[in-house]
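Listed below are the residues making up each chain.
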Amino acid sequence: MGAVTTHLELPEHRPCLAVVGAGGSIGEQLCRRLSSRYRVVAITGLGTRVHAADPDGDIEWRFCDFFSLTDMEQVLSGASSAIFLAHSGLPNAKLEQAYCSDMDLLMAENFARAAESLALEHIV
């Protein structure tokens, strides 16, 4: 499944910050707090969250399969900085015997490789 993007018309003078794993309660609150200083791109693995409208219209939501390097590069494109908060929580990559820590490592590696290939200025 390819990346799905919903675009908003936001002022371009703010630096673009991507938050990977923004669908969780911490990620969503972080996005809201940072949206006044940054053009926030909230990246989630929850397709239903992407299609739910942002009531304030300040945050651009994008869907990503965190296990796909190509998807990760697409959703991080245009960002100057990124924060990685994603975790698998439960096995969700159709690998029934995988440990969550192994799945988290795969997602983090895709994030790091995508950030490097896009020459992001800062990652957390």
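All values reported here derive from a predicted model rather than from experimental measurement.

On to the pattern of salt bridges, then. Considering all chains together, one arrives at two salt bridges under this definition. Among the ionic pairs, R32 bridges to E28, the shortest N-O distance being 3.5 Å. Here R32 and its partner E28 are both found in helix α1 (residues 25-34), four residues apart, which amounts to about one turn of the helix. The exposure class of E28 is partly exposed, given its relative accessible area of 22%.

Given a rise of 1.5 Å per residue, 18 residues ought to cover 26 Å, and the 26 Å separating the end C-alpha atoms of helix α4 (residues 100-117) matches this to within 8%. Within the span of α4, buried status applies to M103, M107, N110, F111, A114 and A115. Summarising the axial view, the buried residues of α4 lie within an arc of 130°, below the 170-degree limit, and thus occupy one face. Every exposed residue of α4 that faces more than 90 degrees away from the buried side is listed here: S101, L105 and E116. Residues of α4 that are buried make contact with β2 (16-20), α3 (69-76), β5 (81-84) and β6 (122-123). Count one or two residues on from α4 and you reach A119, which has phi positive near 55°.

With that settled, consider α1. Regarding α1, the residues found buried are G27, C31 and L34. Mapping the buried residues of α1 onto a view down its axis gives an arc of 75°, with all of them on the same face. Summarising the geometry of α1, the exposed residues directed more than 90 degrees from the buried face are S25, I26 and R33. Structurally, α1 contributes buried residues whose contacts are with β2, β3 (39-44), β4 (59-63) and β5.

Right, let's talk about the side chain of R62 for a bit. Inspection of the secondary structure assignment puts R62 in strand β4. The class for R62 is buried, based on a relative accessible area of 8%.

The next point concerns the pairing of β4. Judged by how many residues are buried, β4 sits mostly within the fold: five of five residues are covered. Alternating positions in β4 separate into two faces, I59, W61 and F63 on one and E60 and R62 on the other, with burial throughout.

Let us now look at the packing of aromatic side chains. Applying the stated criterion across every chain, the model contains one aromatic pair. For the ring pair F84 and F111, a centre distance of 4.9 Å and an interplane angle of 35° mean the geometry is tilted. Placement of F84 in strand β5 and of F111 in helix α4 is noted, with a sequence separation of 27 residues between them. For the pair F84 and F111, a shared accessibility class is recorded, and that class is buried.

In this model, A119 sits at a positive phi of 55°, which is unusual for a non-glycine residue. Tracing the backbone through its elements, the reader meets A119 in the loop between α4 and β6.

Conventions used here
Residues numbered from 1 in each chain as written. Predicted model: local features only at pLDDT ≥ 70, side-chain atom pairs only at ≥ 80, totals over all residues. Heavy atoms only, no water. Salt bridge = Lys/Arg side-chain N within 4 Å of Asp/Glu carboxyl O. Helix = DSSP H or I, 4+ residues; strand = E, 2+ residues; numbered from the N terminus. Buried < 20%, exposed > 50% of the residue type's maximum accessible area, 1.4 Å probe, protein only. Expected span 1.5 Å × (residues − 1). Arc of directions from axis to C-beta. Contact = heavy atoms within 4.5 Å. Phe/Tyr/Trp six-rings, centres within 6.5 Å; stacked < 30°, edge-to-face > 60°.

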